[in-house]
Amino acid sequence: MAVERTLSIIKPDATRRNLTGAINAKFEEAGLRIVAQRRIRLARADAESFYDVHRARPFFGSLCDFMTSGPVVVQVLEGESAVARNRDIMGATDPAKAAPGTIRKLFAESIEANSVHGSDSAENAAREIAFFFAGLDIVG
Ligand code: ATP
Ligand code: MG
């Protein structure tokens, strides 16, 4: 196993319900370290660019509306196998299918308003981290 970094986003449904600390506790309890973190409001163009891979999907417009509907917390998580570990902690995209104890099972409102984003590969993690953070912003 190797120490990796992954990009996490606490989504607007979670910031609206004041769940940033509760979600961060799940990451830290699982051994991931929050090595960079910033609370921001995404512009429409930012959301469209970040989710460009989903541009052709039927939910793209609604997803971008949702992601710009309130503040998000963008963060870099670091730890052993951080990409896969974070996906485990998050649970399945659809909270109805997420395993007990996962963030989405505990907190998500719907398949769209599902509280967190996590990179799905090391390659995408590097690209997504660079989308939001400069190297000097990340303190391991
Ligand atoms: P994320 O990329 O946010 O970590 P994911 O990798 O589990 O989640 P993706 O398939 O990449 O899921 O979809 C990106 C996001 O688009 C989902 O997290 C969710 O917010 C939204 N989404 C996915 N599928 C649907 C759907 N069928 N209807 C509405 N929204 C959806
Ligand atoms: Mg994804």
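A brief report on the enclosed structure follows. (Residues numbered from 1 in each chain as written. Chains lettered and ligands numbered in written order. Predicted model: local features only at pLDDT ≥ 70, side-chain atom pairs only at ≥ 80, totals over all residues. Heavy atoms only, no water.)

**Section: the site of ligand 1**
For ligand 1, the set of nearby residues contains 15 residues, the closest of which are K11, T93, E112, N114 and G118. In this structure, an oxygen atom belonging to ligand 1 sits 3.1 Å away from a side-chain N or O atom of R104. H117 is positioned with one of its side-chain polar atoms (N or O) 3.0 Å from an oxygen atom of ligand 1. Its free accessible area being 570 Å², ligand 1 has 81% of it covered by the protein chains. Listed by contribution, the elements that provide at least two residues to the shell around ligand 1 are α5 (82–90) and β4 (116–118). Per element, the largest residue contribution to the shell around ligand 1 is three residues, and it comes from β4. Of the residues contributing to the shell around ligand 1, the split by class is six nonpolar, five polar and four charged. (Near = heavy atom within 4 Å. Polar contact = N/O pair within 3.5 Å; in protein donor to acceptor, adjacent residues only side chain to side chain. Areas by Shrake-Rupley, 256 points an atom, 1.4 Å probe, with all protein chains shown as cover. Helix = DSSP H or I, 4+ residues; strand = E, 2+ residues; numbered from the N terminus. Nonpolar A, V, L, I, M, F, W, Y, C, P; charged D, E, K, R; others polar.)

**Digging into the packing of aromatic side chains**
Taken as a whole and assessed by the stated rule, the structure comprises four aromatic pairs. With a centroid separation of 5.6 Å and an interplanar angle of 65 degrees, the aromatic rings of F50 and F131 are classed as edge-to-face. Residue F50 is found in helix α3 (residues 44–50), and its partner F131 is found in helix α7 (residues 122–132); the two are separated by 81 residues along the sequence. Taken together, a centroid distance of 4.8 Å and an interplanar angle of 75 degrees make the contact between F131 and F132 edge-to-face. Following the ring pairs from residue to residue traces out a cluster consisting of F50, Y51, F131 and F132. The ring of F133 has R38 lying over it, and the distance from NZ or CZ to the ring centre is 5.1 Å. (Phe/Tyr/Trp six-rings, centres within 6.5 Å; stacked < 30°, edge-to-face > 60°. Lys NZ or Arg CZ within 6 Å of the ring centre and 35° of its normal.)

**A short note on the environment of I129**
For I129, the location among the structural elements is in helix α7. Given the relative accessible area of 10%, I129 is considered buried. Separated by 54 residues in the primary sequence, I129 and Q75 have C-alpha atoms spaced 8.3 Å apart. Beyond its immediate stretch of four places on either side in the chain, I129 contacts R5, T6, L7, V76 and I138. (Buried < 20%, exposed > 50% of the residue type's maximum accessible area, 1.4 Å probe, protein only. Contact = heavy atoms within 4.5 Å.)

**Quick notes on the environment of A43**
Tracing the backbone shows A43 in the loop between β2 (33–40) and α3. Classification of A43 by relative accessible area gives partly exposed; the value is 38%. Through-space distance from the C-alpha of A43 to that of C64 is 9.3 Å; in sequence the pair is 21 residues apart.

**Some thoughts on the environment of N24**
Relative to the helices and strands, N24 is located in helix α2 (residues 20–29). For N24, a relative accessible area of 10% corresponds to the buried category. Once residues within four sequence positions are removed from consideration, N24 is found in contact with I10, I34, Q37 and Q75.

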